[in-house]
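Here is what each chain is made of, one letter per residue.
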Amino acid sequence: MQEAILSLFPFKFYLIWTDSGKLIKLQFEFNFDINSKIISISSSKVLNWIKNFYHAFLDYWNFKENYVKVPHQIVVTKFQAAILNELKLLKIGEIITYKKLAEKTGFNKAYRAVGKILSKNPLPLIYPCHRVIGTKGLTGYSQGLLIKQFLLYRELNYKFFDKMSKR
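Residues numbered from 1 in each chain as written. Predicted model: local features only at pLDDT ≥ 70, side-chain atom pairs only at ≥ 80, totals over all residues. Heavy atoms only, no water.

Draft legend 1. Region of interest: the environment of Leu 146. For Leu 146, the location among the structural elements is in helix 5 (residues 145–165). Residue class for Leu 146 comes out exposed when judged on its relative accessible area of 57%. (Helix = DSSP H or I, 4+ residues; strand = E, 2+ residues; numbered from the N terminus. Buried < 20%, exposed > 50% of the residue type's maximum accessible area, 1.4 Å probe, protein only.)

Here it is, written out as structure tokens:
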């Protein structure tokens, strides 16, 4: 396994890849250092992977992609895969409830199981689980509720302005 810590405003990313270059773990937290930099790497082998992640994150951040598109690997059941893959179909600013996500994948009553799967999502932003909320509003997020609110606000604000510019 190869690891890196990357500062890319407004986040600090903790990344883990397989030796073949597939991302298997992504965590992040707020970090307000405006200078992008590599904080630590396990080997020089990681440099191209970091560059790939950097560009993929910028494509997502600049609203060119609906999620961070990088080579990745995830070991899940068929049910988990169905839920996670449905997340990749959501567009920027599109919000869905756990219940509706369960229904879209054919597991109508499994909304609590959906919540459990998303709480353990090892690759948020690749599988954008921040776009899933409870029927009564915002619920938890593996990277913290404040980050979920921030990401949703940012995406919804863009969606609003994008619609306004098309008039």
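Moving on from the coordinates now.
Draft legend 2. Local environment of the packing of aromatic side chains. If you walk through the whole model with that rule in mind, you get 19 aromatic pairs. By way of ring pairs, the aromatic residues Phe 9, Phe 11, Phe 13, Phe 28, Phe 30, Phe 32, Phe 53, Phe 57, Tyr 60, Trp 61 and Phe 150 are connected into one cluster. We note Arg 154 situated over the ring of Trp 61; from NZ or CZ to the ring centre the distance is 3.5 Å. (Phe/Tyr/Trp six-rings, centres within 6.5 Å; stacked < 30°, edge-to-face > 60°. Lys NZ or Arg CZ within 6 Å of the ring centre and 35° of its normal.)

Draft legend 3. Unusual backbone geometry, seen in detail. In this structure, Pro 10 follows Phe 9 across a cis peptide bond, with omega equal to 5°. The residue Pro 10 is located in the loop between strand 1 (2–8) and strand 2 (11–17) in this model. The phi torsion at Phe 63 lies on the positive side, around 65°, for a residue other than glycine. Assignment of secondary structure puts Phe 63 in the loop between helix 1 (47–61) and helix 2 (78–87).

Draft legend 4. A look at the side chain of Glu 86. Following the sequence through the fold, Glu 86 ends up in helix 2. Separated by 3.5 Å, the side chains of Glu 86 and Lys 104 make a polar contact. Among all residues touching Glu 86, those that are not within four sequence positions of it are Leu 101, Lys 104 and Thr 105. (Polar contact = N/O pair within 3.5 Å; in protein donor to acceptor, adjacent residues only side chain to side chain. Contact = heavy atoms within 4.5 Å.)

Draft legend 5. Summary view of a nonpolar patch on the surface. On the surface, a nonpolar cluster with roughly 360 Å² of combined accessible area is contributed by Phe 9, Phe 32 and Ile 34. Among the structural elements, Phe 9 can be located in the loop between strand 1 and strand 2. (Patch = residues over 30% accessible without salt bridge, like charges linked within 9 Å, V, L, I, M, F, W, Y side chains within 5 Å. Areas by Shrake-Rupley, 256 points an atom, 1.4 Å probe, with all protein chains shown as cover. Salt bridge = Lys/Arg side-chain N within 4 Å of Asp/Glu carboxyl O.)

Draft legend 6. Highlighting the sheet that holds strand 1. Across the sheet, which stays open at both edges, the 4 strands sit in the order 3-2-1-4 with antiparallel pairing between neighbours. The open sheet terminates on both sides in strands that have one partner only, identified here as strand 3 (23–30) and strand 4 (37–41). Going from strand to strand, the sheet's axes swing by 20° on average, the running direction of each strand aside. Examined bridge by bridge, strand 1 and strand 2 share 7 bridges and lie antiparallel to one another. Bridge pairing in strand 2 places Ser 7 opposite Lys 12. Strands in contact with helix 1 are strand 1, strand 2, strand 3 and strand 4; relative to strand 2, the strand with the most contacts, it is inclined by about 130°. (Pairing = 2+ DSSP bridges. Axes fitted to C-alpha atoms, helices over the stretch in contact; angles between N-to-C directions.)

Draft legend 7. Structural detail: the pairing of strand 3. Summarising the sheet, strand 2 and strand 3 pair through 7 bridges and their orientation is antiparallel. If you follow Phe 13 over to strand 3, its bridge partner there is Phe 28. Connecting the antiparallel pair strand 2 and strand 3 is a turn made up of 5 residues, with Gly 21 showing a positive phi of about 95°.

Draft legend 8. Broad picture of the environment of Ala 110. Summarising the element assignment, Ala 110 is placed in the loop between helix 3 (98–104) and helix 4 (111–119). In this structure, the C-alpha to C-alpha distance between Ala 110 and Val 75, residues 35 residues apart in sequence, is 20 Å. Apart from the residues lying within four places of it in its own chain, the contact partners of Ala 110 are Phe 79 and Ala 102.

Draft legend 9. Examining helix 2 more closely. When we look at burial in helix 2, the residues that qualify are Ile 83, Leu 84, Glu 86 and Leu 87. All buried residues of helix 2 fall inside an arc of 160° around its axis, so they share one side. Along its buried surface, helix 2 packs onto helix 3, helix 4 and strand 6 (132–133). (Arc of directions from axis to C-beta.)

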